[in-house]
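Spelled out from the first residue to the last, the chains are:
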Amino acid sequence: MQGKKEKVLTSSDKLKGFLKKLQVWKLHVENKSLQMFPLTFDIDPQRDITTQLVLNHLTALEDSMAQYFPHISVGKYDWVRNPYATSSESTADLSLEKEEHLAEIQEDRTLRLKYNELPLIRFWMYAKTEYPVIADEAIKMLLHNFSTTYMCELGFSPLTNINNKKR
């Protein structure tokens, strides 16, 4: 979940994927299978104490994740990721003007070609010339660079090199 191209939308997808993986693991542990933990191959999963310990840990991890990462409804931003495959859920929070602009974008074949050629943020910057209202909304969402501390740490590392004894 770190990198220059990491955004709120991609980070939330990864978090949701991990939470779903925790649920799958819990189901397997309840069925006395510990195969997702390769270092436990010599432990007998039929022992109730082992599976209960793992199950308790997975539940605690799931609770911690829910506490640190509250639910983000990113489905309503699917139109930002792909304006050509929208659903009523993703456009429910848009104003009438924004929905109209999105409808125009969906029928603009030149923009569709640009969508396939350009990175997402550049696509919306290109679309801003003709559809400023909806494009501004999309750009605001995509510019949430600080979904992780990676960008802060990236700038901090050179600073620590400047402010040391070698200076």
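Above this text is the structure in question.
So, how was this worked out
- Residues numbered from 1 in each chain as written.
- Predicted model: local features only at pLDDT ≥ 70, side-chain atom pairs only at ≥ 80, totals over all residues.
- Heavy atoms only, no water.
- Helix = DSSP H or I, 4+ residues; strand = E, 2+ residues; numbered from the N terminus.
- Buried < 20%, exposed > 50% of the residue type's maximum accessible area, 1.4 Å probe, protein only.
- Patch = residues over 30% accessible without salt bridge, like charges linked within 9 Å, V, L, I, M, F, W, Y side chains within 5 Å.
- Areas by Shrake-Rupley, 256 points an atom, 1.4 Å probe, with all protein chains shown as cover.
- Salt bridge = Lys/Arg side-chain N within 4 Å of Asp/Glu carboxyl O.
- Lys, Arg positive; Asp, Glu negative; His and termini not counted.
- Charge placed at Lys NZ, Arg CZ, Asp CG, Glu CD.
- Phe/Tyr/Trp six-rings, centres within 6.5 Å; stacked < 30°, edge-to-face > 60°.
- Arc of directions from axis to C-beta.
- Contact = heavy atoms within 4.5 Å.

### Some details on the environment of aspartate 93
(1) Moving on: With respect to the secondary-structure elements, aspartate 93 resides in the loop between helix H3 (78-81) and helix H4 (96-107).
(2) Moving on: When its relative accessible area of 58% is taken as the criterion, aspartate 93 is described as exposed.

### Some thoughts on a negative patch on the surface
(1) Moving on: Taken together, Glu97, Glu99, Glu100, Glu104 and Glu130 make up a surface patch of like negative charges.
(2) Moving on: Within the secondary structure layout, glutamate 130 lies in the loop between helix H6 (120-127) and helix H7 (132-142).
(3) Moving on: Residue classification places glutamate 130 among the exposed positions, given a relative accessible area of 53%.

### Brief notes about the packing of aromatic side chains
Any aromatic ring pair is given by two values, namely how distant the centres are and how the planes are angled relative to each other.
(1) Moving on: The full count for this structure, using the stated rule, is seven aromatic pairs.
(2) Moving on: Ring geometry for tryptophan 25 versus phenylalanine 37: centroids 5.4 Å apart, planes at 65°, classification edge-to-face. One end of the pair, tryptophan 25, is in helix H1 (residues 8-30); the other, phenylalanine 37, is in the loop between H1 and helix H2 (48-68), and twelve residues separate them in sequence.
(3) Moving on: Owing to a relative accessible area of 23%, phenylalanine 37 belongs among the partly exposed residues under this scheme.
(4) Moving on: Ring geometry for phenylalanine 123 versus tryptophan 124: centroids 5.1 Å apart, planes at 75°, classification edge-to-face.
(5) Moving on: Cluster of aromatic residues (ring-pair linked, three or more members): Trp79, Tyr84, Tyr115, Phe123 and Trp124.

### A short note on H6
(1) Moving on: Residues Phe123, Trp124 and Ala127 constitute the buried set of H6. Angular distribution of buried residues about the axis of H6 spans 95°; they occupy a single face of the element.
(2) Moving on: The elements touched by buried residues of H6 are H3, H4, helix H5 (109-117) and H7.

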